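Each chain, letter by letter, is given below.
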Amino acid sequence: PKLASQPFIQRTSAADGEANPLIDLTARTDLIRWGSGAICIEEYTIDHGDGLPTSLYENGQPVHVEFQVKALKEIDSTQVGFGFAFRNLKGLDIITATTLDQGLNIPPLNQGQVLRVSFDLQMILAPGDYALVLNVEDRSDGMPKYYDFIENAAIIRIVSDRLIWSAVLPPISQKIWFCD
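Predicted, not measured: the structure shown is a model, and the values here were computed from it.

Looking only at helices and strands, one finds zero helices and 13 strands in the protein chain. Considering the protein chain as a whole, with its 180 residues, one finds that 41% of them fall into the buried category. A fraction of 69% describes how many contacts in the protein chain between residues 6 or more apart in sequence connect residues 24 or more apart. Summed over all atoms, the accessible surface of the protein chain reaches about 10400 Å², with 53% contributed by carbon and sulfur.

So this is what it looks like as structure tokens:
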């Protein structure tokens with residue numbers, strides 16, 4: 001899918017000085033988006049960790065996914081999680097990650113509170129096109145209930161000079177030795 005023009009918004013963060021510029025999602029009418037809306041994903045970026053958004057990645061390169069959310073209502077839960085996925089264009093999640101799965105919990109949120117979340121990884125996907133999915137969920141009842149779920153926030157392309165025979169190629173330590 002072709003993406004609409006995406007303006008950049010400069011924000012600052014008290015935690016680390018200058019924050020990455022983010023791409024505004026609030027004006028995008030082409031998004032497939034659902035959830036209760038109590039927490040809204042407002043902006044995002046995907047880059048090589050340099051703050052310069054791009055849609056082209058080489059297998060093995062660093063990837064940085066970051067997004068900003070705003071609580072539109074008071075949220076009492078301590079089981080709020082933030083996540084992303086890379087999906088192939090047939091809709092299968094190939095890589096997924098959430099803050100809850102990593103044990104990162106946040107305290108209840110006040111209405112109007114804004115926060116950012118980021119994920120850093122090495123690109124292990126095989127060459128092809130993939131969709132970036134962003135979400136905010138609550139697992140208080142065990143199963144995720146989504147505050148905001150955005151499909152196809154961006155379409156990225158992975159390239160590689162080497163043949164990759166699987167959907168992903170993670171770093172793998174290998175050894176060969178002779179036994180006498």
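Overall, the coordinates contain six aromatic pairs when judged by the stated rule. Measuring from centroid to centroid gives 4.9 Å for Phe84 and Phe119, while their planes differ by 55°, and the two rings are tilted. In this pair, Phe84 is assigned in strand S9 (residues 80–88) and Phe119 in strand S11 (residues 114–122), connecting sequence segments 35 residues apart. A single burial state applies to Phe84 and to Phe119, both of which are buried. Ring geometry for Tyr146 against Phe149: centres 5.0 Å apart, planes inclined by 85°, an arrangement best described as edge-to-face. Residue Tyr146 is classed as partly exposed on the basis of its relative accessible area, which comes to 24%. Owing to a relative accessible area of 7%, Phe149 belongs among the buried residues under this scheme. An aromatic cluster is defined as three or more aromatic residues linked by ring pairs; in this entry it consists of Phe67, Phe84, Phe86 and Phe119.

Following the criterion strictly, the structure yields nine salt bridges and no others. Here Glu66 and Arg116 are joined by a salt bridge, their closest N and O atoms 2.6 Å apart. Here the residue Glu66 occupies a position in strand S8 (residues 62–71), and Arg116 occupies one in strand S11, the gap between them amounting to 50 residues. Residue classification places Glu66 among the buried positions, given a relative accessible area of 8%. Beyond isolated ion pairs, a larger network of salt bridges with shared partners links Arg87, Asp93 and Glu151.

Note on soluble globular proteins: their nonpolar side chains tend to be buried together. Counting residues in hydrophobic clusters, the biggest one holds 39 residues, and the most contacted among them are Phe67, Phe86, Leu132 and Leu134. Elements with a minimum of two residues in this core: strand S6 (39–47), S8, S9, S11, strand S12 (128–138) and strand S13 (145–159). The leading source of residues in this core is S13, at six residues. The contact partners of Leu134, leaving out residues within four places of it in the chain, are Leu25, Ile41, Tyr44, Val65, Phe67, Gly83, Phe84, Asp148, Phe149, Ile150 and Ala153.

Alignment of S9 against strand S10 (residues 93–98), held across five bridges, turns out to be antiparallel. Within S10, the position partnered with Arg87 by the bridge is Asp93. Counted along the chain from S9 to the antiparallel partner S10, the turn is four residues long, and its residue Gly91 has a positive phi close to 95°.

Looking now at the side chain of Asp47. Of note, Asp47 is situated in strand S6. Among buried Asp, Glu, Lys and Arg side chains, Asp47 stands out as unpaired, with Arg116 the closest opposite charge at 8.8 Å. For Asp47, the side chain forms a polar contact with the side chain of Thr45, separated by 3.5 Å. Setting aside anything within four residues of it in sequence, one finds Asp47 in contact with Asn20, Leu52, Pro53, Tyr57, Pro62, Val63 and His64.

Time to look at the environment of Ser77. Within the fold, Ser77 resides in the loop between S8 and S9. By relative accessible area, Ser77 is classed as buried at 11%. Spatially, the C-alpha atoms of Ser77 and Arg139 are 8.7 Å apart, while their sequence positions differ by 62 residues. If sequence neighbours within four positions are ignored, Ser77 has contacts with Ile106, Pro107, Pro108, Asp138, Ser140 and Tyr147. Looking at Ser77, its side chain comes within polar contact range of the main-chain nitrogen of Gln79, at 2.8 Å. Within the structure, Ser77 has its side chain in polar contact with the side chain of Ser140 (distance 2.9 Å).

The rules we used
Starting from 1, residues in each chain are numbered consecutively following that chain's sequence as written. Confidence filtering applies because this is a predicted model: local features only for residues at pLDDT of at least 70, side-chain atom pairs given and counted only at 80 or more, and all residues used for totals across whole chains, interfaces and linings. No hydrogens and no water enter the side-chain calculation; it runs on all heavy atoms of the structure. Under the scheme used here, helices are H or I runs from DSSP no shorter than 4 residues and strands are E runs no shorter than 2 residues, and both carry numbers assigned from the N terminus. The cut-offs for exposure are 20% and 50% of the maximum accessible area for each residue type, with area from a 1.4 Å probe on protein chains only; residues under the lower value are buried, those over the upper are exposed, and the others partly exposed. A contact between two residues is defined here by any heavy atoms of the two lying within 4.5 Å. Every accessible area reported is derived by Shrake-Rupley at a probe size of 1.4 Å, with residue values counting cover from the shown protein chains alone. In summary, the pairing rule links any two rings of Phe, Tyr or Trp, Trp by its six-membered ring, whose centres are within 6.5 Å, and it sorts them by plane angle into stacked for under 30 degrees, edge-to-face for over 60 and tilted for everything else. One speaks of a salt bridge when a side-chain nitrogen belonging to Lys or Arg is within 4 Å of a carboxyl oxygen belonging to Asp or Glu. Among the buried residues, those of types Ala, Val, Leu, Ile, Met, Phe, Trp, Tyr and Cys that are joined through side-chain atoms within 4.5 Å form a nonpolar core. Strand pairing follows a simple DSSP-based rule, namely that at least 2 bridges must link the two strands. In this tally, Asp and Glu contribute negative charge and Lys and Arg positive charge; neither His nor the terminal groups of the chain are included. Two N or O atoms count as a polar contact when they lie within 3.5 Å, although within protein this holds only if one can serve as hydrogen donor and the other as acceptor, and sequence-adjacent residues are included solely when both atoms are side-chain atoms.

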